[in-house]
Amino acid sequence: MQRIEVATGEKYGDLTVVRETGKVTGKRNFICRCACGNQVAVRLGHLRSGHSTTCGNCGIEHDGQRKTVSEWASLYGLKESTLRARLKVMGISEALRRGYT
């Protein structure tokens, strides 16, 4: 199998590759910087598949604002668990809009 080359500075969603950290349990890992400024270690497979696109702490952007799931739920009067369930099957705009119906 041919080795997949990943260059420093390559972008995957909001993550930018900083450096490779080596293998952990047989999987290649990379230190990436998120658009919000946080650094996170991510497996190569998760970067390439699109499973990991942010650090996970920077929240979700909607209408030009970035908030965590709990902040969006509170703002729109939803339970956090309800919003998380909706986000699995629809985008943030639709999930929040359903809170008013």
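This report concerns the structure included in the present document. For every chain, the first residue of the written sequence is number 1, and numbering continues from 1 onward in sequence order. The model is predicted, so local features are restricted to residues of pLDDT at least 70 and side-chain atom pairs to those at 80 or more, both for listing and for counting; the totals for chains, interfaces and linings are taken over all residues. Computation of side-chain values covers all heavy atoms of the structure but excludes hydrogens and water.

### Some words on the overall build of the protein chain
Consideration 1: When you go through the protein chain residue by residue, the secondary structure sums to 4 helices and 6 strands.
Consideration 2: Labels follow the DSSP assignment, with helices taken as runs of H or I lasting at least four residues and strands as runs of E lasting at least two, numbered in each case from the N terminus. In sequence order, the secondary structure elements of the protein chain are arranged as β-β-β-β-α-β-β-α-α-α.
Consideration 3: Structurally, the protein chain occupies a C-alpha span of about 50 × 25 × 20 Å along its principal axes.
Consideration 4: Looking at the protein chain as a whole, 28% of its 101 residues are labelled buried.
Consideration 5: Contacts are residue-level and defined by heavy atoms, with any inter-residue pair within 4.5 Å sufficient. Contacts in the protein chain between residues far apart in sequence, at least 24 positions, make up 24% of those at least 6 positions apart.
Consideration 6: Surface accessibility in these figures is a Shrake-Rupley result with a 1.4 Å probe; residues are shielded only by whichever protein chains are displayed. Accessible surface for the protein chain amounts to roughly 6700 Å². Of this, 46% is attributable to carbon and sulfur atoms.
Consideration 7: Counted as positive: Lys and Arg. Counted as negative: Asp and Glu. His and the chain ends are not counted at all. Every charge is mapped to an atom, namely NZ of Lys, CZ of Arg, CG of Asp or CD of Glu. Between the centroid of the 17 positive side chains of the protein chain and the centroid of its 9 negative side chains there is a distance of 6 Å. Accessible area is worked out with a 1.4 Å probe on protein chains only. A residue is then buried under 20% of its type maximum, exposed over 50%, and partly exposed in between.

### A closer look at the layout of surface pockets
Consideration 1: Lining residues are those with an atom within 4 Å of a point, where the points come from a 1 Å grid over the protein atoms alone and group into cavities, where a 1.4 Å probe fits but cannot get out, or pockets, open sets with protein on both sides within 12 Å along at least five of seven lines. Grid points are joined across faces, edges and corners, and a volume is the space filled by probe spheres set on the points. One number sums up the size of the second largest pocket: a volume of about 180 Å³.
Consideration 2: Lining the second largest pocket are D14, T54, G56, N57, G59, I60, R66, T68, V69 and R84.

### Re the sheet that holds strand β3 (residues 27–34)
Consideration 1: At least two DSSP bridges between two strands are required for those strands to pair. The antiparallel open sheet is built from 4 strands, whose spatial order is β1-β2-β3-β4. Looking at which strands have only one partner, the edges of the open sheet turn out to be β1 (11–12) and β4 (39–43).
Consideration 2: Pairing of β1 with strand β2 (residues 15–24) involves 2 bridges; the strand directions are antiparallel. Directly across from K11, in β2, lies its bridge partner T16.

### Remarks on the pattern of salt bridges
Consideration 1: Between Lys or Arg on one side and Asp or Glu on the other, a salt bridge is scored when a side-chain nitrogen of the former is within 4 Å of a carboxyl oxygen of the latter. Under the counting rule described, the total for this entry stands at 6 salt bridges.
Consideration 2: It is possible to trace a salt-bridge network through shared partners that takes in R3, E5, E20 and R28.

### Remarks on the environment of L87
Consideration 1: By secondary structure assignment, the location of L87 is in helix α3 (residues 80–87).
Consideration 2: Judged by relative accessible area, which is 23%, L87 ranks as partly exposed.
Consideration 3: Taking the C-alpha atoms as reference, L87 lies 9.4 Å from V69; in sequence the two are 18 residues apart.

### Side note on the packing of aromatic side chains
Consideration 1: Any two rings among Phe, Tyr and Trp, with Trp reduced to its six-membered ring, count as a pair given centres within 6.5 Å; such a pair is stacked if its planes are under 30 degrees apart, edge-to-face if over 60, and tilted if neither. Inspection of the entire model under this criterion finds 1 aromatic pair.
Consideration 2: For the pair W72 and Y76, a centre-to-centre distance of 6.1 Å together with 50° between the ring planes defines the contact as tilted.
Consideration 3: Exposure remark for W72: the relative accessible area of 2% places this residue in the buried category.
Consideration 4: Placement of a positive charge over a ring is assigned whenever Lys NZ or Arg CZ falls within 6 Å of the ring centre and within 35 degrees of the normal to the ring plane. One cation-aromatic arrangement involves K67 over W72; the distance from NZ or CZ to the ring centre is 5.7 Å.

### Some thoughts on the side chain of R86
Consideration 1: Along the polypeptide, R86 turns up in helix α3.
Consideration 2: We call two N or O atoms a polar contact when they sit within 3.5 Å, provided that within protein one can donate a hydrogen and the other can accept it, with sequence-adjacent residues counted only if both atoms are side-chain atoms. A distance of 2.9 Å separates a polar atom in the side chain of R86 from the backbone oxygen of A95.

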